[in-house]
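Residues per chain, in single letters:
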Amino acid sequence: MRRRGLALLPLALPLLAFAEIVAFISVAHAIGFGWAILLGGTASIVGMVLLRREGIKGWRRFQAAAAEGRPPGKQVSNSLVGLLGALLLAVPGFVTAVAGLLLVLPPGRQLARRQMERYTERRVGGAVASDLFGARHVRVDAGDPIVVIDEEPVKPAQRTPTAAIEGEVVEGEVLR
């Protein structure tokens, strides 16, 4: 799957460049050439400032999680999505600026963070993902119990267990 994404990169970059040129011409036509240059430059500067801020904030959150011995969790993945958004804002162009702005604002950031966590869980497995992001929330709805009426009880096969599990059973739920 990764190779397919890299194979599309030579096709995607010229398309992005074409989209950026069309977007710039459209914005320049709508608000004027000077204002379009000013708007693009401002978006890039804001992106660089946010890149620095999100990077420092993400690193501090990661260090705090490591010092407390807990998984980095959603705060760090939230910062990673913010870093990507700030990077897209820093790249000159209106299309990347809009994409970066969507990743910097809270609704887009939460959506992208959840998608990143799901993608990571599919790629590395649930156990590693729970180490990275913390345990997953599982909601259980209590319903009506299922009653099974068996007219003739079947005797289980007599066998001795090879190894018994000893210890206390702890009931609980998985949380993320």
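None of the values given here were measured: they were computed from a predicted structure.

Trainee: I'd like to hear about helix α4 (residues 73-90), residue by residue, with values.
Mentor: Over its 18 residues, α4 extends 26 Å from the first C-alpha to the last, a length consistent with the 26 Å expected when each residue adds 1.5 Å. Every buried residue of α4 is listed here: Gly73, Val76, Ser77, Asn78, Ser79, Val81, Gly82, Gly85, Ala86, Leu89 and Ala90. On its buried side, α4 packs onto α3 (33-68), α5 (94-104), α6 (106-124) and α7 (126-133).

Trainee: Please set out the pattern of salt bridges residue by residue, giving values where relevant.
Mentor: As enumerated under the stated definition, the model contains 4 salt bridges in all. Measuring nitrogen to oxygen at the nearest pair gives 3.7 Å for the salt bridge that ties Glu54 to Lys57. In this pair, Glu54 and Lys57 both sit in helix α3, 3 residues apart, roughly one turn of the helix. We classify Glu54 as buried; its relative accessible area is 1%.

Trainee: I'd like to hear about the nonpolar core, residue by residue, with values.
Mentor: Within the largest apolar cluster, 6 residues are counted, these being Ala43, Leu50, Ala86, Leu89, Ala97 and Val104. Elements with a contribution of two residues or more to this core: α3, α4 and α5.

Trainee: Which residues make up the UniProt feature "transmembrane region" (unreviewed entry) in the protein, and what values do they have?
Mentor: Within the UniProt annotation, "transmembrane region" (unreviewed entry) is assigned to residues 29-51 and 80-105. Taken as a whole, residues 29-51 contains 96% helix and 0% strand, while its terminal C-alpha atoms sit 30 Å from one another.

Trainee: Break down the packing of aromatic side chains for me, citing the residues and quoting the values.
Mentor: On inspection of all chains with the given rule, the structure shows 3 aromatic pairs. Consider the rings of Phe24 and Phe94, whose centres lie 6.1 Å apart with planes at 15°: the pair is stacked. Remark: Phe94 occurs in helix α5 and Phe24 occurs in helix α2 (residues 9-31); sequence separation between them is 70 residues. Classification of Phe24 by relative accessible area gives partly exposed; the value is 24%. On the basis of relative accessible area, Phe94 is assigned to the buried category, the value being 13%. Three or more aromatic residues link up through ring pairs in this structure, and these residues are Phe24, Phe33 and Phe94.

Trainee: Talk me through the side chain of Ser79; I want residue IDs and the actual numbers.
Mentor: For Ser79, the position within the fold is in helix α4. Judged by its relative accessible area of 1%, Ser79 falls in the buried class.

Procedures and definitions
Residues numbered from 1 in each chain as written. Predicted model: local features only at pLDDT ≥ 70, side-chain atom pairs only at ≥ 80, totals over all residues. Heavy atoms only, no water. Helix = DSSP H or I, 4+ residues; strand = E, 2+ residues; numbered from the N terminus. Expected span 1.5 Å × (residues − 1). Buried < 20%, exposed > 50% of the residue type's maximum accessible area, 1.4 Å probe, protein only. Contact = heavy atoms within 4.5 Å. Salt bridge = Lys/Arg side-chain N within 4 Å of Asp/Glu carboxyl O. Core = buried A, V, L, I, M, F, W, Y, C linked by side-chain atoms within 4.5 Å. UniProt positions renumbered as here; feature names shortened; annotations may be inferred. Phe/Tyr/Trp six-rings, centres within 6.5 Å; stacked < 30°, edge-to-face > 60°.

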